[in-house]
Amino acid sequence: MKLLVCIKQVPDLESRFKPDAAGVWYNETDLAFRMNEYDEYAVEQAVQLREKLGEGTELTVLSIGPDRVVEAIKKSLAMGCDNAAHIQDQAASAKDPWQIASIIAAYAKDKAFDIIFTGMQSQDRGSAQVGVTIAEQLGFACTTTIVGFDYVDGTITAKRELEGGIKGVVKLKTPALVTCQLGLNVPRYPTLPNIMKAKKKEIVAIPVADLLTEESLTTTASFHPPAKKGGGIVLEGDVADLVEKVIAILKDKTTVLR
Amino acid sequence: MKTLLIGEYREGKLLDSTYELLGFAGQMSAETSMLLVGSETQLPTYSGTLYLAEAATCGEYNPGLHKKLILEAVQKESPDLIVFLHSSYGWDLAPRVAAALKAAQISEVIAITDGGFEVGCCNAKMRRTVKPATAQAVLTIQAGAFPVLQSGGTPNIQKLTAAGDCTLEFVGYEPAEKKDIDLAKAEVIVSAGRGIGKKDNVPAIQALAKALGGELGASRPVVDAGWVEHSHQVGTTGQTVSPKLYVACGISGAIQHLAGMKKSDFIIAINKDKDAPIGEIADVLVVADVMQFVPALTAKVLR
Amino acid sequence: MEATREIYWNIGHGVVVPMYLLAFAAFGVIVWGFWQRLPIWRQGKELERCDRYDERVKRMLSEVFSQAKIYRVTDGGIFHSIFFWSFLILFAGTMLVMIQADFFTPLLQINLLSGEFYKAFSLALDAAGIIALLMLAGFFIRRFIIQPKGLEIVKDDYIVLQLLFAILITGFLVEGARMAATELQQNPGLALFSPGGLLAGQLFTTLTAGTLLVTHKILWWLHFALVLGFFCAIPYTKLRHIITTSANAFFAPFEPKGFIATINLEDETIEQFGAALISDLSWKDLFDADACTSCKRCQDRCPAHTTDKPLSPMKIVKQIGELAEGNPEGSLIETVSQDALWACTTCRACQDICPANIEHVNKIIEMRRTLTLMEGAFPGDEVRTAVSNIEVNGNPFGLAYAARGDWAEGLQVSLMEQDSDVDILYFVGCYASFDRRNQAIARNFITICTAAGIKVGLLGKEEKCCGEPVRKLGNEYLYQMTAAENIELIKAYNVKKIVTTCPHCFNTLARDYKDLGLDIPVEHYSTYIQTLLNTNRLKLTPEPFKFTYHDSCYLGRYMDIIEQPRAILSQAGGSIVEMDKNGYDSFCCGAGGGRIIAEEKLGSKISEVRIKMATDTGAPLLISNCPFCLTMFEDGIKTGGAEEQLRVRDLAEIVAERIML
C-alpha cells in the first residue's frame, strides 16, 4: 500500500507579522517556522496506519516550499514517514490553493497512492481548499475535518467534526483523501533513535517547474493587519455606567448578544 | 451581479446560518438565487428562486451528488458568485464545485471590499484582500461575519434531481459527547481569577458565563485553590483557548494564563488594578471591583 | 606491683594458632561475601572512579574518620559518630593487644602495655566500651521506641544491634572475670583504671576460683565467637556499609556538582539512550544501593516526598539494588514509576545530605532520558507544549522569539549584534525576558550595572533558552540543539564575561556548556553585585528592613553561593531572620528539574510549604535571587493565602532601590 501525507511549514502564530515588500504576504524576517498543526495530525494518522499495516506499506511525506521546509520534512521522517519529496519552490507563498493542489496532484498522479492525508487547512493561509482540490483533480474519494479514522480492507471509516460537537460518520473506498482536524490524535514526539534514523532517509528534491502547469485563479491585492479594534480601551467610573458601556461594546464588537 | 447561495440543512432542519448567506447577498446588492438540499417542509423565508433537492433522497452529506446538483443550478443561473458558509458543509463542498468549474475560490470571507474580498489569515492576526481572477468565483463566508437577513416571503421552488454518485457512504450522526467541558471549542469563556476573592464568588462568574452562552474558565491559582475544577483551567498548564469573547474576571494576567487565552478574538478584562498585565492584551479593561461589576453585567445581559 | 596484665591469661598461648586461623577464616568470609556481590555491580556500565588515587584515598580517610557527613545531622548522626569513634578505639586497642601478645612479647621481649601507658590504655578502652554501650542504647531507643517517621525496622536492625550489644557486654564480662581473679583484690588501685571491668567483676566475686576460671574461659570464647560473627555478618547485613559506604567515599565523583554526562549525539552506534534497565546504569549506580544505609535523610529532605508525591530518593536507590540483585531484566521505569521520576526537582537536597555519597539525581535523570528520548514521554501535555515552544521559539511560553529583548527598551544596554565591545554579556534567560514580574529583575540589574558604570551587552532576540529545564527532564537532544546555537553565538562575539540572573542559566552556562566547548567565565549577579560593592564601584544607602532569604538550590547547594547574597542584603540595611531550612539545607521552591514548565498535580504544593516556612519567621519580606523561585513564590503566596503576611522580592530590586547616586 502507498500512503502520502502532505505537509506545510508555517510561521509560528505567536510571531509578529509584517507585510513583505509587495504587500501581499508576510515578511519572513523574525518569523519562527514550524509544521502546520493540522498537518501534524495528518502525519501522526498516516504513521499510525503505516505501523498498523506494517511491511509492504510505504509512507511518503511531501512538502512544497523553500529550503527551510526540509526541517518540517525531517520531523515527519523522524515521526515515522519512510521517504520524502521536497518540491522546491522559492515562491510557494505566491501560489494560490488551486496551484498548490495542482502541483501535488501532478506529483501523485502516476504514483498510485491509496490514501492521501492532509491537514484540514494551513494555519497561515487558512483556505481549507488544497486537500479537497487534490482529491477532485485525482478523482479520489474525499472527506474533510476528520477527528476519527479507521482503515480496514480498502475502506476508511472517518468521523467528521461538525458544528456543535456533533460528528458525522462516513465510509470511503480507497483511493481516498482525508483532511485532518484537531482532536484526531496526539502527534508523537519523535524519539532520538528515530531522529537519527530519519537523517538517513531519502528526501527527493523536485523543482516545482517540473510539476506546475496551472495559472493562479486568484490574486492577492493586499496583506495587512486588521483595522485597529478597540485596542486597549480602559473604562473607569461608576459600575452602572461601566455596565452600559460594556453592553454597547459587546453589541458592537462581538456577536454574542445578537 | 448574480449570486447562487448554498443553504444548509442538517438532521432534518434548515440551519439558521443560511440567513447569513442572504445577509451577504444583501451587502453585495446582488441578484440572488438559492440552492438547498433539504426538505419542502423546512423552507427558508425568502422570496427568490430556490433550487430544491430532497435530502431524503440526496442525503445530507453526499458531496459528490450535491456537487452535481449545484453544477446543474449553476448551469441554469450562470451566477458570478457561488456562496457557501465556511462550515463543515461549505468548506467540504465548495472546493469540489470550484474545481469542477475551474473557478477561483476565496475562503472564509469576512468582509466585502472594493473589487475583492477580505479574508483572515495567520490565525486572524492578519487580513488579506483577495480577488478572483476568473469570471465565476466560489466563496465561503465566515460564520457570524455577515448579518442574518430574513427578508420574508416564500421561495419560488425549482426541483432538482440527480443520479447517485457514491464515492462515499454517509453512515450517520454521532451526538456531541457529554464530556467535562471543552474550552478549546467554546465561543465565549468567562474566567475567574484570584481577584474574585473567594470560592463563594465562583457562581457569580458562572452566571455571567451562562448569560453570555459560554463556559466558565479559571486561572491557575483559582484551580489550585480548589475553587474551580481543573478542567476549566485556561493557560499553558490548562487549556489553550481562542473563543470569540473572553471575559477575564479578576485575573491579573500571569504569563502562563496570557499564553493560553490571548488568541481570543475579543478580550474584556475586569480588574481593580489598572496596570495589571492583562490590560496589555485586553481590548477593553474595565477598572472595577469584580464582584460589583460582574453581577450587574449579568443582570443587564439577561434583561 | 606493676600496672599491666597478662595477655591470654587463663586461655593460654596455645590459643594463638586456632584464633588466628578462625580470624582469617572470618576475613575470608568477608572477602567471599563481597566477591559474590561483584557480578551484581559488574552489570553496570563502566565508569572511571579509581583515577586520582591519592586524592580519593585522602578523601575516604578524612570522611570515614572525621564522620563529618554523619554528625551533620544530629538526630542519629551524633550517636553514630561517637559509637564509631568508640568502636574504633576498642578495635585499635584489641589490635594493640594482639601486636603486643604475638609480636612484641615473643619477638622483642618488650611490654608496651605496662605502667602509666597501660593505665591510660585500660581506662580509654573501658571508657570507649561504656560510651559505645550508651550510644547503642541511644540506637535502641531511637529505632525501637521513638521510631522516627520513615525509618524502617528490618531484620538486620535486630541482628546488628543485638550482636554489637552482646560483643560489648561479653567484652566487659571477660574483663570482669579476669579482674575478679587477678586484679580486684590483688591490685585494687589498678582496677580503678578499668571501671567497666571493675563493675562487671562484682558479678564474679562470689564464685570459687575453679568456677571462675571456667566461666572466664567460656566468656572469652563467647566474646571471640561473637566478634567472628560480627565479621562474618558484614557482607550479609547492613553492616556491609562499613565497607561499602567507606568505599563510596573513595568512588565519589570529582566532577563539579550537577555534572551530567553529555551524550555523544554523533555516535550512531548508541541504540539506548538513558537508563531503561539496570545494565544502562553505571556500576557505581548499582554499588550505591549497597552503600545505602537506609538512613532516610534524603527522603526527609526531598521536597517531593515531603509534599506527598510518590518519590523517595532512598526508595529509588533500593529499587535499583533489588532489580540488580533479583531481576536484572526488569524495567527500571516501571519499577520506579513515571510519577516518581517526574516528581524530582533535582534540588540535590538528597545528594547533599547523603552520608554515603550516593548520586541520586543523575540516576533519575538517566531514567528520564529513557522516557523522553526513547519513548517521547512527557510529565503532562503542558510540558509537551512548552518543549515544542522551546523548539520553535526558544522559550517555553511560545512567545515570539523576536520579542525576547523588548524588556530592555529604554535602558542603557548594547545589543551584541550592533556593538559587542562590552564589559559583560548579560544572559537574561526566558523568565526575565518574557515574564512581566521577572522582567523587574532584568531591568533592575541593568539599573545596577548602569550605576556602577558597567557596559552591558545583550543577545536580544538571538538568545535562546539555555536548555536547562529540558536537559533536566531528560531531553538531551533538544538541550544540545539549543545549547549549540547559544554557544556558537556567544563565541562569535568574543565575550569576556557572562553574568546571569538565573541560577539555572548560571549552572548550565558555567558547567554544562563547558562540555560542549564554551569556556568563558560565568557569574551569577549575586556575586557580581558583591564584587561591585567590594570594589566601591557601587555604593548603597542602607535602609533598614527585616527579611528572610531563600537559597535557590542551584545557587546554594550546586554553586556554594550562600554568604554573598546575605552580605549584600545586610549592606543594604537588611536584618535577616533565617528559615529553619537555609543554606545547604534549603528547601526547594518546586521549580527545578524542569518542574517550572510542569503542573504540580500530585500531593501538596512545594511552593506553599516553602512560603509557610517563610511566614513562620515573622519577616514580612522574602527575598530570592532566582526567576524560577520568584515565579513559584508569587504563585505560592497567592494560592497559599499569604498575601497579607508576606511579599516576595528579588535581590536586584532591593539593591537597585538603595543605589547611592
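Bear in mind the structure is a predicted one, so any value in this text is a computation, not a measurement.

A few words on the overall build of chain B. Looking only at helices and strands, chain B features 8 helices and 17 strands. A buried classification covers 55% of the 303 residues belonging to chain B. In chain B, the share of contacts with a sequence separation of at least 24, taken over all contacts with a separation of at least 6, comes to 64%.

Now for the domain arrangement of chain B. Domain boundaries in chain B define domain 1 (2-159) and domain 2 (183-302). For domain 1 of chain B and domain 2 of chain B, the distance between their C-alpha centroids amounts to 36 Å.

Looking now at the interface of chain A and chain B. With 63 residues of chain A at the contact, the number on the chain B side is 63 residues. Elements with a contribution of two residues or more to the side of chain A that touches chain B: α4 (130-138), β7 (141-152), β8 (155-161), β9 (167-173), β12 (218-224), β13 (233-236) and α6 (239-253) of chain A. Ranked by residue count, the leading element in the side of chain A that touches chain B is α6 of chain A, at 8 residues. Residues of the side of chain A that touches chain B, tallied by class, amount to 28 nonpolar, 23 polar and 12 charged. One ladder, built from 4 bridges, connects β13 of chain A with strand β17 (residues 284-287) of chain B; its direction is parallel. Considered in β17 of chain B, the bridge of Val 234 of chain A is made with Leu 285 of chain B.

Taken together, the 6 strands give an open sheet; going across it, the order is β13(A)-β17(B)-β16(B)-β15(B)-β13(B)-β14(B), and neighbouring strands pair in parallel fashion. Edge strands, defined here as strands with exactly one partner in the open sheet, are β13 of chain A together with β14 (215-218) of chain B. Going across the sheet, the axis of each strand differs from the next one's by a mean of 20 degrees, ignoring polarity. Strands in contact with α6 of chain A are β13 of chain A together with β16 (266-271) and β17 of chain B; relative to β17 of chain B, the strand with the most contacts, it is inclined by about 170 degrees. Packing against the sheet, helix α5 (residues 202-211) of chain B makes contact with β13 (188-192), β14 and β15 (245-249) of chain B, and its axis sits at approximately 170 degrees to β13 of chain B.

The interface is formed by 13 residues belonging to chain C together with 9 residues belonging to chain B. Secondary-structure elements contributing two or more residues to the side of chain C that touches chain B are α19 (381-393) and α28 (627-639) of chain C.

In terms of nonpolar packing, the biggest core is built from 193 residues, with Val 190, Cys 249, Ala 269, Ile 270 and Val 286 of chain B together with Leu 509 and Val 655 of chain C touching the most fellow members. With 7 residues, helix α18 (residues 360-375) of chain C is the single largest residue contributor to this core. Among the nonpolar cores identified, the runner-up in size contains 123 residues, and Leu 77 of chain A together with Leu 93, Ala 103 and Ile 141 of chain B belong to it.

Now for helix α1 (residues 18-28) of chain B. All names here are of chain B. Residues Thr 18, Tyr 19, Glu 20, Leu 21, Leu 22, Phe 24 and Ala 25 constitute the buried set of α1. Elements in contact with the buried residues of α1: β1 (2-6), β3 (13-14), β4 (31-38), β6 (81-85) and β10 (137-141). The positive-phi residue at the C-terminal boundary of α1 is Ser 29, with phi of around 50 degrees.

The rules we used
- Residues numbered from 1 in each chain as written.
- Chains lettered and ligands numbered in written order.
- Predicted model: local features only at pLDDT ≥ 70, side-chain atom pairs only at ≥ 80, totals over all residues.
- Helix = DSSP H or I, 4+ residues; strand = E, 2+ residues; numbered from the N terminus.
- Buried ≥ 20, exposed ≤ 12 C-beta atoms within 10 Å, placed from the backbone.
- Contact = placed C-beta atoms within 7 Å.
- Domains from an automatic or database assignment.
- Nonpolar A, V, L, I, M, F, W, Y, C, P; charged D, E, K, R; others polar.
- Pairing = 2+ DSSP bridges.
- Axes fitted to C-alpha atoms, helices over the stretch in contact; angles between N-to-C directions.
- Core = buried A, V, L, I, M, F, W, Y, C linked by C-beta atoms within 7 Å.

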